[in-house]
Amino acid sequence: MPATVQQPLPHLQIDFPFAEADRCVLCGLCLPHCPTYRLTEDENESPRGRISLLRAMASANLPVTREAGAHLSRCLGCRACERVCPSGVHYGIILDAGRSLLASRLGTSRRERLLLVLMRHLDWLRPLTAIARVAQRFGVRKLLRSLGVMRWFGLQQAEALLPELKPMPPWQTLYPAEGRQRERVALFLGCVARAVDGETLQAAIRLLTRLGHDVVVPAPQGCCGALYREAGDQDGAAMMAAQNRSAFAESGAQTILTLASGCGAVLAGQDFAGTPAVDIHAFLAERDMPADCSFEPLRQTVAVQDPCSLRNGLRTEQAVYRLLERIPELQITALPENAICCGGAGSYPLREPDFAQRLRAPKLAALAQLKPDVLVSANIGCLLHLAAGIREQQLTIPVLHPVMLLERQLRRAETGSGLSAANRFR
Ligand code: SF4
Ligand code: SF4
C-alpha cells in the first residue's frame, strides 16, 4: 500500500505524502509519456517537475504562487506517468494532496465554485437541462454569449462542449431482468452523463436486463467526487463518497456498474461494504452471453479511443475491444496514440482550453485520415471533448459510447430496429 499521509504541514494545515514523493528517483523515464511535457518540453510541465515543485511548496522551501499553481492546473491527472514509473510512484496521491494544498492557499475559481454547488444539487440538473434545451432551440445562448454572461461564469468553454440536449429521462428504482435472472447490479448514473447522455444510460439498462441482470438505480446517489478532487476539495469528495455509500448500501446489488470510466476510477477505490464498483465493459466481457442472445453483424469500421481513466486508472481498456469483437464483421481499430490523453480529462477543457485543444488536434487529424464509420469512447468527458472537435471540423463521424453500439446491434438482431447510429453528440 502506498503511504498517503506522512507528515503534517503546520503552516498550511494540509497533509502531504512526503514518503510517496520521495520515492521519485528523478530518473525521468516518465517524461516522454507525459502529454504536457511532450507539448512543452518544459520540466515544470512534467511529472518529475511537478513532484519536486509540490514537495518544495509543502515543506515551505518555495512559496505557493499562482505561477506554481498554473503548472499543477495544466496536469491532466491522466496518470500516464504512474503507469510507466519503474519506482511505482503513485502520482495520483501526490496530485490530490497538491491540489488541496494549492486550493487552501490560492482559493478556487468562480467556475469551480459554481460547478461544485451544482454537484451538490444534482436535482437542479433536470430544470437546468430543460432551460438549456430551450436556449439551444431558440438561440438564446448566442445572446448570452454576446452579453458575456457565459464568460463571467467562466463557462464559455462548457457551452461549446454541450451537444444538442435531449430531455432527461425519468429513472425507475428497479428494472427487472428479461428471461432467466443472472445477477443484480446497481447502476451509477454520474452527473454530466445523466444530464447530457441519458440515452446511453438507458441503452445500458436495456442491454443489462436483456442479458439477464436486474438493474437497480438508487435515487439518492450523487456525483462521484472527481470534480471535487480536481478542485482540491477533499472534504467535498469525502461527502460525495459518503452519500454514494449510503445510497448503494440498500440496493442489494452484487456489483455497482459505472459507464463513465472517469467516475469508475474514483468509485473503484472506495469501500461499498464489500460490493465492488466495476466498469460495465469489464463486467460484461467477463460473462458469456446468454444462449438466446446475439449481436447483429455490422460491416463497418469502429475507431476506439481509450480514456486515460480506463487505461491508467482502472487498467481495463482491453475489455472494450473484447466486447466489440462479439459483433460479427465489425472492423475494430484503436485510435493512434491512445496512450496520450485527448485533453478531455474531467474539467480540463474548461480549465485549460488551449492545452485541451492542442492535445485533441492529433486525434482529430487521425480521425480525418482514418475516416471510421463510428468513434467510441467509454468516458463522457472524452466523448464531449472529441465530439466538440469533430463538430468544429465538420467531420461526419458519429461519436458513441460503446454500450450504445452493443445495445443497438443486440436489438437489431432481435427486432430489426435499434437506436440510430446518427451522431449522438451532434
Ligand atoms: S518515472 Fe517515476 S521515479 Fe522516474 S522521474 Fe518519473 S515519477 Fe520519478
Ligand atoms: S498525470 Fe498526466 S499530465 Fe499529469 S504529470 Fe502525469 S502524465 Fe503528465
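Structural data are supplied above this passage.
Model, not experiment: these values are computed from the prediction. (Residues numbered from 1 in each chain as written. Chains lettered and ligands numbered in written order. Predicted model: local features only at pLDDT ≥ 70, side-chain atom pairs only at ≥ 80, totals over all residues. Heavy atoms only, no water.)

Asker: Quick rundown of helix 15 (residues 234-249)? Include the residues and the values.
Answerer: With 16 residues, helix 15 ought to run about 22 Å at 1.5 Å a step, and its terminal C-alpha atoms sit 22 Å apart, in line with that. Of all the residues in helix 15, the buried ones are Gly236, Ala237, Met240, Ala241, Asn244, Ala247 and Phe248. Seen from one end, helix 15 has its buried residues packed into an arc of 140°, which puts them on one side. Exposed side chains of helix 15 directed beyond 90 degrees from the buried face belong to Asp235, Ser246 and Ala249. Buried residues along helix 15 sit in contact with helix 7 (110-120), strand 4 (183-188), helix 14 (226-230), strand 6 (255-258) and helix 16 (261-267). Measuring from the backbone nitrogen of Asp235 back to the side-chain oxygen at the start of helix 15 gives 3.3 Å, which picks out Asp233 as the cap. (Helix = DSSP H or I, 4+ residues; strand = E, 2+ residues; numbered from the N terminus. Expected span 1.5 Å × (residues − 1). Buried < 20%, exposed > 50% of the residue type's maximum accessible area, 1.4 Å probe, protein only. Arc of directions from axis to C-beta. Contact = heavy atoms within 4.5 Å. Polar contact = N/O pair within 3.5 Å; in protein donor to acceptor, adjacent residues only side chain to side chain.)

Asker: Tell me about the site of ligand 1, residues and numbers included.
Answerer: Lining the immediate surroundings of ligand 1 are Cys24, Val25, Leu26, Cys27, Gly28, Cys30, Arg48, Ile51, Cys85, Pro86 and Ser87. By residue class, the composition of the shell around ligand 1 is eight nonpolar, two polar and one charged. (Near = heavy atom within 4 Å. Nonpolar A, V, L, I, M, F, W, Y, C, P; charged D, E, K, R; others polar.)

Asker: Hey, could you go over the nonpolar core for me, with residue numbers and the actual values?
Answerer: Looking at soluble globular proteins, one finds that nonpolar side chains tend to be buried together. Formed by 43 residues in total, the largest nonpolar core has its most connected members in Leu187, Leu324 and Leu405. Of all the elements in the fold, those that place two or more residues in this core are strand 4, helix 13 (198-210), helix 17 (280-285), strand 8 (301-305), helix 18 (308-314), helix 19 (318-324), strand 10 (374-377) and helix 23 (402-415). Here this core gets six residues from one element, more than from any other, and that element is helix 13. Residue contributions to this core reach at least three from each of two domains, namely domain 3 (174-285) and domain 4 (301-415). Those residues within four positions of Leu405 in sequence are excluded, and the remaining contacts are Leu298, Val302, Leu324, Ile327, Leu330, Val374, Val376 and Leu400. (Core = buried A, V, L, I, M, F, W, Y, C linked by side-chain atoms within 4.5 Å. Domains from an automatic or database assignment.)

Asker: Describe the pattern of salt bridges, and please don't skip the residues or the numbers.
Answerer: Close approach of charged atoms allows side chains with opposite charge to pair. The tally for this structure, following the rule as stated, stands at 21 salt bridges. Between Glu45 and Arg50 there is a salt bridge whose closest N-O contact spans 2.8 Å. The buried category is assigned to Arg50, whose relative accessible area is 2%. The partner of Glu178 in a salt bridge is Arg210, with the nearest N and O atoms 3.9 Å apart. (Salt bridge = Lys/Arg side-chain N within 4 Å of Asp/Glu carboxyl O.)

Asker: Got a sec to walk through the packing of aromatic side chains? Specific residues and values, please.
Answerer: Any aromatic ring pair is given by two values, namely how distant the centres are and how the planes are angled relative to each other. Taken as a whole and judged by the stated rule, the model has three aromatic pairs. Centre to centre, the rings of Phe188 and Phe248 are 6.3 Å apart; their planes meet at 40°, and the pair counts as tilted. Taken together, the positions of Phe188 in strand 4 and Phe248 in helix 15 put the pair 60 residues apart, joining distant regions of the chain. As far as burial versus exposure is concerned, Phe188 and Phe248 are alike and both buried. Chaining the aromatic ring pairs together yields one cluster made of Phe188, Phe248 and Phe272. Here Arg287 stacks its cationic end above the ring of Phe283, 3.8 Å away from the centre of that ring. Here the basic side chain of Arg358 rests over the ring of Phe355, its NZ or CZ set 5.1 Å away from the ring centre. (Phe/Tyr/Trp six-rings, centres within 6.5 Å; stacked < 30°, edge-to-face > 60°. Lys NZ or Arg CZ within 6 Å of the ring centre and 35° of its normal.)

Asker: Lay out the sheet that holds strand 7 (residues 277-279) with the relevant residues and their values.
Answerer: Strand order in this open sheet of five strands is 3-5-4-6-7, and the pairing throughout is mixed. The open sheet terminates on both sides in strands that have one partner only, identified here as strand 3 (174-175) and strand 7. Helix 13 rests against strand 3, strand 4, strand 5 (213-216) and strand 6 of the sheet, and its axis sits at about 145° to strand 5. (Pairing = 2+ DSSP bridges. Axes fitted to C-alpha atoms, helices over the stretch in contact; angles between N-to-C directions.)

Asker: I'd love a proper account of the packing of helix 13 against helix 23, names of residues and values included.
Answerer: Across the interface, helix 13 lies against helix 23 with an axial gap of 9 Å and an inter-helix angle of 50°. Judged by the inter-axis angle, helix 13 sits oblique to helix 23. Two packed elements cross with a definite hand, and for helix 13 against helix 23 that hand is left-handed. Packed against helix 13, whose contacting residues are Glu199, Thr200, Ala203, Ala204, Arg206, Leu207 and Arg210, the element helix 23 presents Val403, Met404, Leu406, Glu407, Leu410, Arg411 and Glu414 at the interface. Classifying every residue of the contact of helix 13 with helix 23 by side-chain character gives seven nonpolar, one polar and six charged. (Parallel < 35°, antiparallel > 145°, perpendicular 65-115°, else oblique. Left-handed = near helix turned anticlockwise from the far one by under 90°.)

Asker: Tell me about the environment of Thr108, and please be specific about residues and values.
Answerer: Note on placement: Thr108 falls in the loop between helix 6 (91-106) and helix 7. A relative accessible area of 30% means that Thr108 is categorised as partly exposed. For the pair Thr108 and Ala231, spaced 123 residues apart in sequence, the C-alpha separation works out to 6.8 Å. Thr108 has contacts with Ala103, Arg113 and Ala231, leaving out every residue within four places of it along the chain.

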